[in-house]
Amino acid sequence: MRPLDEAETTAVFSKLFKFIGPNLKSLIEAESHEVTTSAENSSRYCFRLHKNRVFYVSEYLVKRATNVSRKNLVSLGTCIGKFTKGGSFHLTVQALGIMAPHAKRKVWVKPTSEMSFLYGNHVLKGGLGRITEGINPGDGVVVFSMSDVPLGFGVAAHSTQDCRKLDPNANVVLHQADIGEYLRMEDDL
């Protein structure tokens, strides 16, 4: 497990910025909730790379994990994404728990279209419950149920203003990840 280099950090932060915007600063400066022996040992969260996967982990846990050899270390903290062999960074569904509280652009889906989204389909205009103002095409959005449960995330296909005039069968959010992947891709996660 090692810190991200400059190119990797840029790739991770640009992808996270697409979804949570300026709230990225609060994500990085968040205080750790681990129980430490003194106030001076309180730590923050950091990003670490292990076997092409990026982990969001407290510095306290990173220090404790130095006793474990790299080949025996399976996971540490929350895996938020992975680097492909081509070098691009992809967020995984595990990042949803970190992104949802800090999301800048949100979409709520109707109960009738929740299952469709959880099976990996795009969000259609007919299933759209609410949408935040100021969304542009290509922006990262977090998808919620009408009861504010985070379901996944994707990319906006149309702006907020265009969504009002769309056909009910038009795509509003292009699917990237959802919580149904915990079941569908159980072995890969």
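Please refer to the structure higher up on the page.
Structural notes, computed from the coordinates. Note that this is a predicted model, so its numbers are computed, not measured.

Quick notes on the rules
Residues numbered from 1 in each chain as written. Predicted model: local features only at pLDDT ≥ 70, side-chain atom pairs only at ≥ 80, totals over all residues. Heavy atoms only, no water. Helix = DSSP H or I, 4+ residues; strand = E, 2+ residues; numbered from the N terminus. Rg over C-alpha atoms; globule rule 2.2 N^0.38 Å. Buried < 20%, exposed > 50% of the residue type's maximum accessible area, 1.4 Å probe, protein only. Contact = heavy atoms within 4.5 Å. Areas by Shrake-Rupley, 256 points an atom, 1.4 Å probe, with all protein chains shown as cover. Lys, Arg positive; Asp, Glu negative; His and termini not counted. Charge placed at Lys NZ, Arg CZ, Asp CG, Glu CD. Expected span 1.5 Å × (residues − 1). Arc of directions from axis to C-beta. Salt bridge = Lys/Arg side-chain N within 4 Å of Asp/Glu carboxyl O. Phe/Tyr/Trp six-rings, centres within 6.5 Å; stacked < 30°, edge-to-face > 60°. Polar contact = N/O pair within 3.5 Å; in protein donor to acceptor, adjacent residues only side chain to side chain. Core = buried A, V, L, I, M, F, W, Y, C linked by side-chain atoms within 4.5 Å.

### A word on the overall build of the chain
In step 1: For the chain, the helix and strand inventory stands at seven helices and 11 strands.
In step 2: For 189 residues, the compact-globule estimate of 2.2 N^0.38 gives 16 Å, and the C-alpha radius of gyration of the chain, at 18 Å, lies within 12% of that figure.
In step 3: For the chain, the spread of C-alpha atoms along the three principal axes comes to 55 × 35 × 30 Å.
In step 4: Residues counted as buried form 41% of the 189 residues belonging to the chain.
In step 5: Partitioning the contacts of the chain with sequence separation of at least 6, the portion at a separation of at least 24 is 56%.
In step 6: On the chain, roughly 10,400 Å² of surface is accessible, and the fraction owed to carbon and sulfur atoms is 53%.
In step 7: Both charge centroids of the chain, one from 23 positive and one from 19 negative side chains, sit 2 Å from each other.

### Some thoughts on helix H1 (residues 6-20)
In step 1: Helix length check: H1, at 15 residues, gives a terminal C-alpha distance of 20 Å against a target of 21 Å (1.5 Å per residue), a fit within 8%.
In step 2: Residues of H1 that are buried include every one of Glu8, Val12, Leu16, Phe19 and Ile20, and no others. The arc that holds every buried residue of H1, seen down its axis, measures 75°, which confines them to one face. Opposite the buried face of H1, by more than 90 degrees, sit the exposed residues Glu6 and Ala7.

### A short note on the pattern of salt bridges
In step 1: Overall, the coordinates contain three salt bridges when judged by the stated rule.
In step 2: Among the salt bridges present, the one from Arg2 reaches Glu8, with a minimum N-O distance of 2.8 Å.
In step 3: With relative accessibility at 31%, the residue Arg2 sits in the partly exposed group.
In step 4: On the basis of relative accessible area, Glu8 is assigned to the buried category, the value being 14%.
In step 5: Notably, a salt bridge pairs Asp139 with Arg105, separated by 3.7 Å at the nearest N-O pair. Of this pair, Asp139 sits in the loop between strand S8 (128-131) and strand S9 (140-145) while Arg105 sits in the loop between helix H4 (96-99) and strand S6 (106-109), and the two are 34 residues apart along the sequence.
In step 6: Assessed through its relative accessible area of 17%, Asp139 is described here as buried.
In step 7: When its relative accessible area of 10% is taken as the criterion, Arg105 is described as buried.

### With respect to the packing of aromatic side chains
Working definition: an aromatic ring pair is given by the centre-to-centre distance plus the angle between the planes.
In step 1: By the definition in use, this model includes six aromatic pairs.
In step 2: Relative to Phe153, the ring of Phe19 has its centre 5.2 Å away and its plane inclined at 75°; by these criteria the two rings are edge-to-face. Within this pair, whereas Phe19 is found in helix H1, its partner Phe153 is found in strand S10 (residues 150-156), the two being separated by 134 residues in sequence.
In step 3: Classification of Phe19 by relative accessible area gives buried; the value is 0%.
In step 4: Look at Phe153 and you get buried, because its relative accessible area is 1%.

### Re the environment of His50
In step 1: Assignment of secondary structure puts His50 in strand S2 (residues 45-50).
In step 2: Taking relative accessible area as the criterion, His50 reaches 5% and is therefore assigned buried.
In step 3: It is 39 Å that separates the C-alpha atoms of His50 and Lys125, two residues lying 75 residues apart in sequence.
In step 4: Separated by 2.9 Å, the side chain of His50 and the backbone oxygen of Leu73 make a polar contact.

### Examining helix H5 (residues 111-118)
In an α-helix, one turn spans 3.6 residues, which is why side chains three or four residues apart end up on the same side.
In step 1: Those residues of H5 that sit buried are Ser113, Phe117 and Leu118. Along the axis of H5, the buried positions cluster into a sector of 145°, meaning they face one direction only.
In step 2: Tucked inside the fold, the buried residues of H5 contact S6, strand S7 (123-124), S9, S10, strand S11 (171-178) and helix H7 (181-184).
In step 3: Positive phi shows up at Gly120, right after H5, with a value of about 100°.

### With respect to the nonpolar core
In step 1: Ranked by size, the top nonpolar core spans 28 residues in total, and within it Val12, Leu16, Leu27, Phe47, Val54, Ile80 and Leu91 carry the most contacts.
In step 2: Elements with a contribution of two residues or more to this core: H1, helix H2 (24-28), S2, strand S3 (53-58), strand S4 (78-83), strand S5 (89-91), H4 and S9.
In step 3: If we skip the residues at most four places from it in the chain, Leu16 touches Gly21, Leu24, Leu27, Phe47, Ile80, Leu91 and Met99.
In step 4: Leu128, Val141, Val143 and Cys163 belong to the second largest nonpolar core, which has 14 residues in total.

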